[in-house]
Amino acid sequence: MMPQRPKHEEIFEIFMVQLLRCMPITWASWLGGWLGARQGRGAIKADRLWVQRLRKNLARFCNVTDPAELDRRIIAFTERIGSFYAEYPNLQRLYASGRVELVGAENLDAAGRPFILLGCHIANWELIGALAKRWGGSAVLYLPLGGGLREKIALEARKAWPDLELIPASPDAMLGIDAVLQLDRAVTEGKNLAIFVDEERQGYVWAPSLGRSLPYAGNRWIAARLAVRHNINIIPAFVERLGPARYRIVIQPILEKPQGKSGQALAQHLADQIDARVEAWVRPRIENWYWLPYFDADLPCPMDQKAKSSDKANQESA
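Residues numbered from 1 in each chain as written. Predicted model: local features only at pLDDT ≥ 70, side-chain atom pairs only at ≥ 80, totals over all residues. Heavy atoms only, no water.

What about the pairing of strand 2 (residues 115-119)?
(1) Moving on: Most of strand 2 is tucked away, with five of its five residues classed as buried.
(2) Moving on: Of the two faces of strand 2, both are covered, the one formed by Phe-115, Leu-117 and Gly-119 as well as the one formed by Ile-116 and Leu-118.
(3) Moving on: Here strand 2 pairs with strand 8 (residues 233-243) via four bridges, running parallel. From the neighbouring strand, Leu-118 faces strand 8, where its bridge partner is Pro-236.
(4) Moving on: Where strand 2 and strand 5 (residues 192-196) come together, four bridges link them in parallel fashion. The residue of strand 5 that forms the bridge with Leu-117 is Ala-194. (Buried < 20%, exposed > 50% of the residue type's maximum accessible area, 1.4 Å probe, protein only. Helix = DSSP H or I, 4+ residues; strand = E, 2+ residues; numbered from the N terminus. Pairing = 2+ DSSP bridges.)

So this is what it looks like as C-alpha cells:
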C-alpha cells in the first residue's frame, strides 16, 4: 500500500513549525497571532458555527452586544489562539527564556507526594508541563485528537518536557477503564497527576458549570475520586497571559478535605470545590478560555440524553 501523500495544508503546517522553531520567540508568537487574526476575519465573513457560538458567549459573559465590538473581540480571540499554536514548537524554549513567572511554588512543596495538579485550558496551559521534573515527575491525562499532524505536533511538544508521562483518555465522559488503571498505576508508582477538568467530549464542555447543572462525571469526577481513593491532595493551578509570549503559572493552596466526610460524600465535596475553583478562574478570564467558541450553555448533557434514550427504550419494550 502506497503511503498517503500529505495535503497542502499539512505541508504548510510542517513548514511553519520548522520556521517557528528558528524564529525568536516574540516573532513566532506575533506571526501566529497575525495568522490567527486572519483566520478569524475569514471565519466571521463565512459566519462559521463556532463564530456564532462565540458571539453568543461574548454577549452572555461579557455583556457585549454591539456587532462591531463583537467582531473585534472575535478577531482578538483568534489572534491569541494563533499565538498559542505558534508557541507549541517553542514551549521548552519559552519556559527557559524567563518569560514565565511561577507563583505559589510553596503550595506544591507542602502538598506531599504524590498529588493531583488540577488545571484548565486558559492561556498557554501547556506550560504546566514544566512543573513535572521539579516536583518528582508527573503523568498527564490528555484527550487524543484522532491522529493527524496537529496531534503529532502537540504530542512532540508535550513529550519534550522531562519526566512527563502521557495517558490518553477515551472520547466519552466515563473516561475508560484503561485510562483509570493507568492513572491508578501512576499514583502507586509515586507519580503526580496532572488533570485538566474542563475537557470537551461528545460536543459537551464538562466543566465548569457556568450556570448549568453538571453531573458527577468527566475529568472533574475522576480527579475527585482518585484523591479520595489514594488519600492524596489536589493542588489547583492555572496559567494566565501577561502579554505577548509572557505568562504566569499560579499555584494555589490545597483543596480542603472537611472532617466527617469520606467515600462518595467526600468525592462529591471535592468535585464541587473543583467546579467552583475552575469557574473562579474562567469567568474573569473568559476571553482567554480555549473552549469559549465550543461552550453551549443550552446543550443537554450527553449523560442526560443517554438516560432519556434508555428510559424511552425501556418504556417501548414494556
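The structure having been displayed, the exposition proceeds.
What about the packing of helix 2 (residues 25-46) against helix 4 (residues 67-87)?
(1) Moving on: Interaxial distance between helix 2 and helix 4 falls to 6 Å at its minimum, and their mutual angle equals 140°. Here helix 2 lies oblique to helix 4, going by the angle between them. Here the hand of the crossing between helix 2 and helix 4 comes out right-handed. Residues Ala-28, Ser-29, Gly-32, Gly-33, Gly-36, Ala-37, Gly-40, Arg-41 and Ile-44 of helix 2 pack against Asp-71, Ile-74, Ile-75, Thr-78, Glu-79, Gly-82, Ser-83, Ala-86 and Glu-87 of helix 4. (Axes fitted to C-alpha atoms, helices over the stretch in contact; angles between N-to-C directions. Parallel < 35°, antiparallel > 145°, perpendicular 65-115°, else oblique. Left-handed = near helix turned anticlockwise from the far one by under 90°. Contact = heavy atoms within 4.5 Å.)

With respect to a nonpolar patch on the surface
(1) Moving on: Residues Phe-12, Phe-15 and Leu-19 make up a contiguous nonpolar surface patch of about 280 Å² in total accessible area.
(2) Moving on: Position of Phe-15 relative to the elements: it lies in helix 1 (residues 8-22). (Patch = residues over 30% accessible without salt bridge, like charges linked within 9 Å, V, L, I, M, F, W, Y side chains within 5 Å. Areas by Shrake-Rupley, 256 points an atom, 1.4 Å probe, with all protein chains shown as cover. Salt bridge = Lys/Arg side-chain N within 4 Å of Asp/Glu carboxyl O.)

A look at unusual backbone geometry
(1) Moving on: Cis geometry is adopted by the peptide bond preceding Pro-114, which originates at Arg-113 and carries an omega value of -10°.
(2) Moving on: With respect to the secondary-structure elements, Pro-114 resides in the loop between helix 6 (105-109) and strand 2.
(3) Moving on: Of the consecutive residues Ala-207 and Pro-208, the connecting peptide bond is found in the cis state with omega at -5°.
(4) Moving on: By secondary structure assignment, the location of Pro-208 is in the loop between strand 7 (204-205) and helix 10 (218-230).
(5) Moving on: Look at Asp-47: it is not a glycine, yet its phi comes out positive at around 55°.
(6) Moving on: Mapped onto the elements, Asp-47 comes out in the loop between helix 2 and helix 3 (49-62).
(7) Moving on: When its relative accessible area of 41% is taken as the criterion, Asp-47 is described as partly exposed.
(8) Moving on: For Gln-202, which is not glycine, the phi torsion reads 55° and is therefore positive.

Thoughts on the sheet that holds strand 3 (residues 138-142)
(1) Moving on: Taken together, the seven strands give an open sheet; going across it, the order is 1-9-8-2-5-3-4, and neighbouring strands pair in mixed fashion. Both outer strands of the open sheet, strand 1 (100-103) and strand 4 (164-168), are each paired with one neighbouring strand and no more. Neighbour-to-neighbour, the strand axes of this sheet turn through a mean angle of 25°, independent of strand direction.
(2) Moving on: Contacting strand 3 and strand 4, helix 8 (residues 149-159) crosses the sheet at an angle of about 145° to strand 4.
(3) Moving on: Each of strand 2, strand 3, strand 5 and strand 8 touches helix 10; the most contacted strand, strand 5, lies at about 155° to it.

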